[in-house]
Each structure stands twice: as structure tokens, then as C-alpha cells.
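As a plain string of letters, each chain reads:
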Amino acid sequence: AEYQAGMNIVFDFGAVLFEWQPAKLVRQHFPDHAPDDAAAHALAADIFRHKDWHAFDQGLLEPDEIMARTVARLALPQAGVFELVDHIGERLTPIPASLSVLERLRDLRDAQAHVNGVPVQLYYLSNMPSPYARVLEQRHPFLKWFADGIYSGDVKLIKPDPAIFALLAQRHGLVPANTVFIDDLAANVEAARALGWAAIHFVSSEQMARELVVLGL
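In this text, all values refer to a predicted model and were calculated from it rather than measured experimentally. (Residues numbered from 1 in each chain as written. Predicted model: local features only at pLDDT ≥ 70, side-chain atom pairs only at ≥ 80, totals over all residues. Heavy atoms only, no water.)

Novice: Let's hear about the side chain of Gln207: which residues, and what values?
Specialist: With respect to the helices, strands and loops of the structure, Gln207 is situated in helix α12 (residues 205–214). Polar side-chain contacts of Gln207 include one of 2.8 Å to the backbone oxygen of His201. Separated by 2.8 Å, the side chains of Gln207 and Glu211 make a polar contact. In contact with Gln207, not counting residues within four places along its chain, are Ile200, His201 and Phe202. (Helix = DSSP H or I, 4+ residues; strand = E, 2+ residues; numbered from the N terminus. Polar contact = N/O pair within 3.5 Å; in protein donor to acceptor, adjacent residues only side chain to side chain. Contact = heavy atoms within 4.5 Å.)

In C-alpha cells, the structure reads:
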């Protein structure tokens, strides 16, 4: 489809702006259960791609509930699960090359640059439990570069449900043709495109930067 160049740039956070390496986390916390990369990837999928974790993302389960369910379901040591779940917020560290792209977009915004006659603005749309969102807000001053955004845990909605995209658009009057969404998961990218947004399927920071340039950003 032909898109007008995007002016509202909407970022996913995990694996786009912040490092998210679940298999690495699992190997650190459960060396006996994840002795090699294959086992670590399998266990990470069992933990983080399960409906229980999605419910935690969506704000439907509290931290103690997701911990207890994960321990019981996967027969993992309780101490390891508590340590893992409790500290994920602190483990989400910025990806330097992605942060550079965000900084460039912030500078465009601050210079009151217009693309196709519309000013540049930054938003986020992240599947993230509220406790981790609060940690990110405390630890990373650059999040103030965003005009606003939505964490799934705060609104009890989760990507790729169109309702969470619609909520962001409604709150800020986002015009689909002037909105670019960046996410590492294909299902979320497809959901945005179905609403008429332009979207970039994130593979690397460099590829994201190139695709933004193509869109005039």
C-alpha cells in the first residue's frame, strides 16, 4: 500500500528499544533446566509465550500469581522463578543503536520538523506488566521524550488486539495514514496495518533506521 510518510512514530519497547533475551535470562536462572541453548529457548517459550504470561502482561494476574502458576506448571524451583520475575524490569536495558534512532526522531520533533506538512511526534505501545513499566519510568529519563503511550498492563488490553491500537489512536487523534508503528512481532505489525497504519517489522536497529528514512523520517 502507498502510505503518506509517518509523522506519529509509535514504538514497541521489548526487543525494539530495550534488550529482551528470554533464553539468556532462563539460562542464568535455571542452569539445571536449561543446560544448552535449545533447552533454554524451549523453556523460555514455555514461560513467556504461555497464556498465563500474556495475562500478566495484560494486567490480569499479579506478580505473585504468575510466579506461583509458573512454579506449579513447569515444576521449576520457586526461588529461581521469584528471582526471574521480580527483576525483569531492571534487566530491560536500552539497545544503543535503537536509542540513537529515537534520539534522531526526538531532534526532528524538537526542531519542529514537518513531514508532508505534519509535525513529528513520538508514542509507545508496549505489552508490559505495570510493575515493569514503573521500573522503566524510574530508570530511563529518555522515556520523557515520548508524548505519551500505553502499557498493556495499565489498560487491561494487549497487542495484537485492535482495541489497544484504537485506544492510543483515540486518545491522541492519530490519523492512520500519518502513523508508523514499529514492532518485532509480525502479528502486532499485521494488526497495525489492518487499521491502516504504516508499520515496520523490526529486525535490527539499522534496518529500522533505513525503513524510517524511506518513509521520510
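Novice: Outline the environment of Val81, listing residues and values.
Specialist: Inspection of the secondary structure assignment puts Val81 in helix α5 (residues 78–86). A C-alpha to C-alpha distance of 9.9 Å links Val81 and Ile47, two positions 34 residues apart in sequence. Once you skip the residues sitting within four places of it in the chain, Val81 turns out to touch Phe30, Met67, Thr70, Val71 and Leu76.

Novice: Kindly report on the pattern of salt bridges, identifying the contributing residues and their values.
Specialist: The final tally for this structure, using the stated rule, is ten salt bridges. Note that Asp52 is salt-bridged to Arg73, the shortest N-O span being 3.8 Å. On the criterion of sequence distance, the pair formed by Asp52 in helix α3 (residues 51–57) and Arg73 in helix α4 (residues 63–74) is long-range, its members being 21 residues apart. The buried category is assigned to Asp52, whose relative accessible area is 8%. Note on Arg73: relative accessible area 31%, which makes it partly exposed. Notably, a salt bridge pairs Asp107 with Arg106, separated by 2.8 Å at the nearest N-O pair. Residue Arg106 is classed as buried on the basis of its relative accessible area of 18%. (Salt bridge = Lys/Arg side-chain N within 4 Å of Asp/Glu carboxyl O. Buried < 20%, exposed > 50% of the residue type's maximum accessible area, 1.4 Å probe, protein only.)

Read these as layout, nothing more, since geometry by itself doesn't imply function.
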